[in-house]
Amino acid sequence: MTYVAVLGFGTVGSGVVEIINNNSFINKAGGELTVKAILDIRDFTDSPYAQLFTKDFDAILNDKEISIVVETIGGINPAYEYTLKALKSGKSVVTSNKELVATYGAELMRVARENNAVYLFEASVGGGIPIIRPLNNCLAANDIEEIMGILNGTTNYILTQMIKNGVSFEKALSDAQEKGYAERNPEADIEGHDTCRKIAILSALSYGKQIDSNLIPTEGITKITLEDVAYAQSMDCAIKLIGYSKKVNGGVYARVSPMMLSKDHPLAGVEDVFNAILVKGSATGDVMFYGKGAGKMPTASAVVADCIDIVKHKSLGAPFWEDGGELVFDIDFEDNFYLRVAAGDKQRCESAAQAVFGKVRWLDSNEKEVAFVTGKMTDKAFKEGVEKFETLVGSENILGKIRVLI
Ligand code: HSE
């Protein structure tokens, strides 16, 4: 029998307790799992598990029978302190907490090793999609060259609702919150921070070193309008929030931003709460992972699978990376860019666009604005171009700016 303590009885934590209590298949997995304690600051007197609740973390820490601690509190505090203490006392920790893994992953995995324990986090990226273990094990023979993914279920759900059903941003967000997809503070979803933490985790695992997720250029979906969506559709594109990273000389290039993807792109058809991750391996070429990226049961499934892995395999070969990864910001990689501009004088605006960006592709627009797609250019050249363009047309007139992959 393996005794588990669950820290945090929110969406994911309650799903973990439900799965462990309702699934006899765990018995076949090489040992039975039992939830012995649940830590939460709130009272759950009506819960069927009422007798398991405690507010005292030390009681869990000092319980020698508990060998696995599931941390589904989220955020840094007190999750970091509890995780560190549990690992130092030789308990293994399983988590869905991407912020903690992205920030302190290297340290926590090192402490786990030093104390003959493991720190597992399959649920931290892609919800129910197996991605951490496949990257760590199945693709181990590859140099991972590039990762591109839809890594946030909430924003993909919002974009799908806006695009397919004409639902407003606010209504789609409140639906996502109701369905248990969104973070406690949904700003982390819509401003791209959640995607940023996930691409930081995948990059650290794939390229071997922790990178500072706070430094990754990150833009969310709050500036996307239904007009942008319509322009994208006119080019046979879908707008997706993309986490991207690439191994380059001297470190890792990474970014989070909305992108217009041609409908032929494998990520363009990924809708609703689904996530998908495209990984380029040196031997395999492209490999794609797809499934539900958020929600109670898909995420809890990944957490419980990690617990089973500990029971079954003592988690030999658990993921590991070191501190000290470097981010690289300027690479000579080129993309196209879409710009939408309010134009009192359309002709003047079109001449300015041509003067700065050269030959561009014009999109059909109404009489009050212009929209176009630039030729291929580097991030640096585009940034400089926009600055110059702003001096000609006025920065307040730039209505939209999105990277395009066609
Ligand atoms: N808020 C996250 C999302 C939860 O929407 O993807 C899963 O990490």
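Up top is the structure.
Summary of the structure given here. All values derive from a computational prediction rather than experimental measurement.

A closer look at the site of the ligand
Near the ligand the following residues occur: Lys98, Asn152, Gly153, Thr154, Tyr181, Ala182, Glu183, Asp189, Asp194, Lys198, Gly293 and Ala294. Within the backbone of Gly153, one N or O atom sits 2.8 Å away from an oxygen atom of the ligand. Taking Asp189, its side chain carries an N or O atom lying 2.7 Å from a nitrogen atom of the ligand. Contact with the protein chains covers 93% of the free accessible surface of the ligand, which is 260 Å². Counting only elements with at least two residues in the shell around the ligand, the list comes to α7 (153–165) and α10 (193–207). Of the residues contributing to the shell around the ligand, the split by class is 3 nonpolar, 4 polar and 5 charged.

A few points about the nonpolar core
Membership of the largest hydrophobic core comes to 80 residues, with the highest contact counts inside it found for Tyr119, Ile131, Leu202, Met260, Trp321 and Tyr338. Apart from the residues within four sequence positions on either side, Ile131 is in contact with Glu122, Val125, Leu202, Ile277, Val279 and Phe289.

Details of helix α5 (residues 98–114)
In a regular helix each residue adds 1.5 Å, so 17 residues correspond to 24 Å; α5 covers 22 Å between its end C-alpha atoms and thus fits that length. The largest bend along α5 measures about 85° and falls at Tyr104. Regarding α5, the residues found buried are Lys98, Leu100, Val101, Ala102, Gly105, Ala106, Leu108, Met109, Val111 and Ala112. Taken together, the buried residues of α5 touch β4 (66–71), α4 (79–88), β5 (92–95), β6 (119–120) and α10. Structurally, the start of α5 carries an N-cap: the backbone nitrogen of Glu99 is 3.2 Å from a side-chain oxygen of Asn97.

Focus on the pairing of strand β1 (residues 2–7)
The buried fraction of β1 amounts to 5 of the 6 residues, a majority that puts the element mostly inside the structure. The sheet contact formed by β1 and strand β2 (residues 33–39) spans 6 bridges and is parallel. Across the sheet, Ala5 pairs through a bridge with Ala37, a residue of β2. Bridge count for β1 against β4 is 5 bridges, and the pairing is parallel. Bridged to Ala5 within β4 is Val69.

Concerning the packing of α5 against α10
In the contact formed by α5 and α10, the axes pass within 9 Å of each other and the chain directions differ by 45°. The angle between α5 and α10 falls in the class oblique. The element α5 and its partner α10 pack so that their crossing is left-handed. Contacts between α5 and α10 pair Lys98, Glu99, Val101 and Ala102 from the former with Asp194, Arg197, Lys198, Ala200 and Ile201 from the latter. For the contact of α5 with α10, a count of residues per class yields 4 nonpolar, no polar and 5 charged.

So, how was this worked out
Residues numbered from 1 in each chain as written. Predicted model: local features only at pLDDT ≥ 70, side-chain atom pairs only at ≥ 80, totals over all residues. Heavy atoms only, no water. Near = heavy atom within 4 Å. Polar contact = N/O pair within 3.5 Å; in protein donor to acceptor, adjacent residues only side chain to side chain. Areas by Shrake-Rupley, 256 points an atom, 1.4 Å probe, with all protein chains shown as cover. Helix = DSSP H or I, 4+ residues; strand = E, 2+ residues; numbered from the N terminus. Nonpolar A, V, L, I, M, F, W, Y, C, P; charged D, E, K, R; others polar. Core = buried A, V, L, I, M, F, W, Y, C linked by side-chain atoms within 4.5 Å. Buried < 20%, exposed > 50% of the residue type's maximum accessible area, 1.4 Å probe, protein only. Contact = heavy atoms within 4.5 Å. Expected span 1.5 Å × (residues − 1). Bend = angle between axes of the 7 residues up to and from the residue. Pairing = 2+ DSSP bridges. Axes fitted to C-alpha atoms, helices over the stretch in contact; angles between N-to-C directions. Parallel < 35°, antiparallel > 145°, perpendicular 65-115°, else oblique. Left-handed = near helix turned anticlockwise from the far one by under 90°.

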